[in-house]
Amino acid sequence: MNGTITAPSQHTVVVVGAGPTGLLLAGDLAAAGIPVTVVERRPRGISNLTRAFGVHARTLEQLDARGLADDLILTGRAVTRLRLFGSLSLDLSNLPSRFPYLLVSPQYEVEKLLLRRAEENGATFVYGTEVTGVAQDATGVTLDVRRENGTAGSLRAAYAVGTDGVRSAVREALGLPFPGRSAIKSIVLADVLLAEEPDGAVAINGMGTAFGFLIPFGDGHWRVGGWDRTRGATPDSAPVELEELRDITRRAFGSDFGMHDPRWMSRFHSDERQVPRYRVGRVLLAGDAAHTHSPAGGQGMNTGLEDAANLSWKLAAVASGRAPEGLLDSYHDERHPVGKSVLRSSGALLRLSMAHTPLQRGLRTLLTTAADRVGPVTRGAVGRITGLGYAYGAPRGAHPLTGKRVPDVELREGRLYERLRDGKFVLVTPRGTQIDHDEWLTVAHWASDRRTTLLVRPDGYAAWASEEDQAGSVTARLGGGAVRISWNRLAPAPIPRA
């Protein structure tokens, strides 16, 4: 629904920006019963002029934990191979996930599902409104805002999250630097039809002064993008001609595949930047407001959605009084290193694609050969691109599973990610165990004879695990705060007979 601005207006959480990151965050908070208002500069309605095109396996798992993945899959095309540099092929079909592929689906399809969920759970939306200032004190945050008709007002909240993109007004109001550099001066993008279609894989390649990529949509169109090193900086507002993209694609791939009938064309530049702190008091940053990467690997939107999944349950816990504010520090501690890693890996893909000197090409050949022949190198590359390979730090002496992503294991009660849809911790115990527990916990049982007791965080990462058949409670320590999850074992867990 549309919200109104009154002064002073009190909200528990204000999310600035209604892109994918902000929408997932708002939907999670609203589902947890936290009053949340989303402020969006654009008028109501989702534009289909989109740059993000792919949803990786880990992001699909997060959407599955919100009951959205199956609907999104219907809008796109599953791609099981990534072809890099013309010779290296990364096979996704064996990923340890329910989603062993890259789903090619435009960003607006992701936004539609996330918007619907946020609205259904009661999030308030204020469109046509931009943030012009941010101030905070010991009890909350005040955001100065201006409507598109020029009227001004303010919003008061306990916490605010800037998910308002690369040119984040929230980040600028905080005075935070955004260090980095421009990776590509001018990328040309278009959704086109091809007279001669490639083999169906996502392809990234560079030859000489040209860099290009090809991504198949499920409706016959292909997303084609390219950059000409020799053109220098071109304003994003400069007109795009299809012939320019044809020329770049021919030089990058040896063919323009007879591209024709573009339904959309655009131009943008790509930066590599990351803010030094994701949290400043009661204000946090997520998605492109916190980090921006090269388009190589298609990791930008996915990283932002994972930011939101990490932050939402922590912010809900703090806002509801279930955890101390120090818990929010763990958001920066866990997600900043991931953003930094994505910055490096996407940048490396871009630079390897653009290798043009004999030394650079020799290095690319060496790395390509290693990735093609050495299993751990390949698994590491695929894990970073798909998001499945990232884990969070664990305290010394913790169980080896702590901090790791938990796959969608089968339980007696169904799949784990179906159980996560309540937005709670899930305690997975041996079969036959009866548990009395607090309200922030869902109890499930292994479908197999496994004896491990595993506590899974709402974002699908292991908070605690034990091989002992013990009763009691656990305090999941994260950053400067802690979340205490309690349960009592009411009956022993007998070892099932074969």
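Note: the structure precedes this text.
Note that the structure is predicted; figures quoted are calculated from it, not measured.

Explain helix α4 (residues 107-120) to me, please; I cannot follow it from the model alone.
In an α-helix there are 3.6 residues to a turn, and that puts residues three or four apart on one side. With 14 residues, α4 extends 20 Å between its outermost C-alpha atoms, agreeing within 8% with the 20 Å of an ideal straight helix rising 1.5 Å per residue. Where the residues of α4 are buried, they touch α1 (20-31), β3 (54-55), α2 (57-64), α3 (69-73), β8 (124-126) and α7 (300-319). Once α4 ends, the next one or two residues include G122, with phi positive near 100°.

Mind showing me how you'd approach the packing of α1 against α7 here?
Axes are the key here: two packed helices are described by the angle between their axes and the distance separating the axes. Where α1 contacts α7, the axes come no closer than 8 Å and their chain directions differ by 25°. On the basis of the axis angle, α1 is roughly parallel to α7. Handedness of the crossing formed by α1 with α7: right-handed. Residues P20, T21, L24, L25, D28 and L29 of α1 form the contact with α7, whose participating residues are M301, G304, L305, A308, A309, L311, S312, L315 and A316.

What exactly am I supposed to notice about the sheet that holds strand β14 (residues 210-216) here?
By way of backbone hydrogen bonds, the strands of a sheet pair with one another, either parallel or antiparallel. Reading across from one edge, β6-β5-β13-β14-β15-β12-β16-β19 is the order of the eight strands in this open sheet, with mixed pairing throughout. Either end of the sheet is taken by a strand with one partner, and the two such strands are β6 (88-91) and β19 (291-292).

Can you walk me through the sheet that holds β3 in this structure?
The antiparallel open sheet is built from three strands, whose spatial order is β3-β7-β4. The sheet is open, and its two borders are formed by β3 and β4 (77-79), each paired with just one other strand. Where β3 meets strand β7 (residues 102-104), two bridges bridge the pair, whose relative direction is antiparallel. Residue pairing for β7: G54 is matched across the bridge by V104.

Is there a simple way to explain the pattern of salt bridges in this structure?
When charged atoms on two side chains of opposite charge get close, those side chains can pair. Taken as a whole and judged by the stated rule, the model has 33 salt bridges. A salt bridge links D64 to R421; the shortest N-O distance between them is 2.8 Å. With a gap of 357 residues between them, D64 in helix α2 and R421 in the loop between α11 (416-419) and β22 (425-429) connect regions that are remote in the sequence. Classification of D64 by relative accessible area gives buried; the value is 1%. Of the charged contacts, one joins R250 and E243 as a salt bridge, the two residues approaching to 2.9 Å between their closest N and O atoms. The class of E243 is partly exposed, set by a relative accessible area of 41%.

Looking at this model, I keep getting lost on the nonpolar core. Mind explaining?
Nonpolar side chains in soluble globular proteins tend to end up buried together. Counting residues in each nonpolar core, the largest one holds 78 residues, and the members touching the most others are V13 and F125. When residues of this core are assigned to their parent elements, the largest contribution, 10 residues, is made by α7. Counting 28 residues, the second largest nonpolar core, distinct from the first, contains L84, V104, F211 and I385.

Could you clarify how one ought to interpret the environment of D236 in this entry?
Residue placement: D236 occurs in the loop between β15 (222-228) and α6 (242-253). A sequence separation of 50 residues divides D236 from S186, and the C-alpha atoms of the two residues are 7.1 Å apart.

The rules we used
- Residues numbered from 1 in each chain as written.
- Predicted model: local features only at pLDDT ≥ 70, side-chain atom pairs only at ≥ 80, totals over all residues.
- Heavy atoms only, no water.
- Helix = DSSP H or I, 4+ residues; strand = E, 2+ residues; numbered from the N terminus.
- Expected span 1.5 Å × (residues − 1).
- Contact = heavy atoms within 4.5 Å.
- Axes fitted to C-alpha atoms, helices over the stretch in contact; angles between N-to-C directions.
- Parallel < 35°, antiparallel > 145°, perpendicular 65-115°, else oblique.
- Left-handed = near helix turned anticlockwise from the far one by under 90°.
- Pairing = 2+ DSSP bridges.
- Salt bridge = Lys/Arg side-chain N within 4 Å of Asp/Glu carboxyl O.
- Buried < 20%, exposed > 50% of the residue type's maximum accessible area, 1.4 Å probe, protein only.
- Core = buried A, V, L, I, M, F, W, Y, C linked by side-chain atoms within 4.5 Å.

Structural measurements only, silent on function.
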